[in-house]
Structure formats: structure tokens, C-alpha cells
Amino acid sequence: MVITGVIRPPPEIRAVADKTALFVAKNGRAFESRILNSAKGKTPKFAFLHDSSPFHAYYEDKIRFYEEGGEEKEKDGQAEKELQEKKKQEEEQRIKEAEEKKKQEELQKKKEKAQKASALDPVATALLGRRKIIKEARAAVEEAQKSEESVTNNVAGVIPPPKLHFVSVAAPANLSPVQVETIKLVAQFTALDGKGGPFFQQLT
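These numbers come from a predicted model, not from an experiment.

The rules behind each value
Residues numbered from 1 in each chain as written. Predicted model: local features only at pLDDT ≥ 70, side-chain atom pairs only at ≥ 80, totals over all residues. Heavy atoms only, no water. Helix = DSSP H or I, 4+ residues; strand = E, 2+ residues; numbered from the N terminus. Buried < 20%, exposed > 50% of the residue type's maximum accessible area, 1.4 Å probe, protein only. Contact = heavy atoms within 4.5 Å. Salt bridge = Lys/Arg side-chain N within 4 Å of Asp/Glu carboxyl O.

Caption draft 1: Focus on the overall build of the protein. When helices and strands are tallied, the protein shows seven helices and zero strands. The secondary structure elements of the protein, listed N-terminal to C-terminal, are α-α-α-α-α-α-α. Put simply, the protein has 204 residues, and 18% of those count as buried. Residue pairs in contact within the protein that sit at least 24 positions apart in sequence constitute 60% of those at least 6 positions apart.

Shown next, in the form of C-alpha cells:
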């Protein structure tokens with residue numbers, strides 16, 4: 001049976017065929033004859049040297065490849081492959097370092113934000129603890145206002161006093177929730193105690 005076409009041998013046989021083809025291309029067919037006449041030439045490992053082997057066409061093709069300067073092409077290809085691999089590793093390292101730097105910057109920002117918030121904790125804790133007192137005081141003022149309006153409405157010709165106004169002010173976007181809550185509580189307690197009261201004077 002005549003085998004046509006080029007069939008690639010398995011890796012272990014291909015390595016031997018490539019090396020043998022390189023020696024034959026450099027030293028001539030005499031090197032091939034020495035192998036065929038030796039004990040090694042009769043082993044399955046060197047079966048590709050025989051015309052009947054399905055891998056003989058591959059072996060002959062490799063000899064022509066090396067005779068035409070294929071060894072240098074292989075070296076160039078290997079060098080190019082190594083260069084591409086090096087570039088890939090450098091790019092992966094660069095990306096890894098950039099991600100690590102970004103992670104460190106985010107951790108630093110979180111740390112600074114936590115430090116700023118902790119500076120307000122003593123005042124915020126004290127004011128939040130008095131939330132109930134402020135709510136009760138505000139409810140008492142509203143109840144007194146309702147009672148006063150009720151008495152005034154029963155007296156003919158007496159103009160009732162104006163209602164208290166509560167102003168809503170939008171907090172700046174750069175303030176944290178703790179800062180906004182602290183400002184609200186300070187304002188409420190100052191309103192109840194008065195600007196001349198001891199609470200406001202202690203703050204200033």
C-alpha cells in the first residue's frame with residue numbers, strides 16, 4: 001500500500017523524526033544509512049525511515065524544510081513566540097499593579113472618610129441622645145400654640161399671632177448623613193435654648 005500526503009507523527013516520534021531530519025539535512029544521507037544499518041534502525045522508534053511508514057512523508061518533508069533554511073525559521077519563530085510571551089507577561093503585570101494601586105487608593109479614601117466621621121462622633125452621640133427631649137419640647141410648643149389659638153379665637157376683635165414657620169433647607173451634597181443629622185440637632189436645640197443660652201455659648 002502506498003501512503004500519500006503528510007501525516008504528523010505523535011509527539012514522541014515527531015521529536016525523533018525532526019532531530020534525525022536535521023542531522024540528515026546537514027550531514028547527508030550517509031547518516032540515515034548508518035541508522036538503518038544499526039540496531040536502532042530496526043526499532044519502531046525509527047520506523048519513519050522506511051518508505052512503508054505512514055510518517056515517512058513527514059520525515060522527508062522535514063529534510064527539505066531544513067535544507068531550505070528551516071532551522072533558522074524555527075529559531076526566529078521561537079524567538080518571536082518568546083517575545084510575545086514576554087510582552088504578555090509585562091502587560092499582565094502592569095494591569096495587576098494598576099488594580100493594586102486603585103485598590104490601595106480606595107482603601108485610603110475609606111480610611112480618611114472614617115476618620116472625618118469619627119471626629120464628629122462625640123458631639124453627634126450627645127445630640128442624638130437628646131433627640132427625645134427635643135421632640136418632646138417641640139411637641140409642647142405646638143400644643144401651647146394650639147391652645148393659644150383656641151383661646152384667642154374665643155376673644156372677639158383680637159388678632160391671633162402668626163404661626164411658627166419651619167424652614168426646610170437642602171443639605172449640601174458633600175456632607176455625610178452623620179454631619180447632616182448633627183447640624184439639624186444643633187439647630188433644633190439652639191432654637192429651643194436660644195442663641196444666648198448656655199448650649200450655644202458652649203458650642204462657640
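What follows picks up the thread again.
Caption draft 2: Spotlight on the pattern of salt bridges. The tally for this structure, following the rule as stated, stands at five salt bridges. We note a salt bridge from Glu60 to Arg29, for which the minimum N-O separation is 2.8 Å. Taken together, the positions of Glu60 in helix H3 (residues 56-67) and Arg29 in helix H2 (residues 29-37) put the pair 31 residues apart, joining distant regions of the chain. For Arg29, a relative accessible area of 40% corresponds to the partly exposed category. The partner of Arg64 in a salt bridge is Asp61, and the shortest N-O contact between them spans 3.5 Å. Of this pair, Arg64 and Asp61 both sit in helix H3, three residues apart, roughly one helical turn. Residue classification places Arg64 among the partly exposed residues on the basis of a relative accessible area of 43%. By relative accessible area, Asp61 is classed as partly exposed at 36%. Connected via shared salt-bridge partners are Arg29, Glu32 and Glu60.

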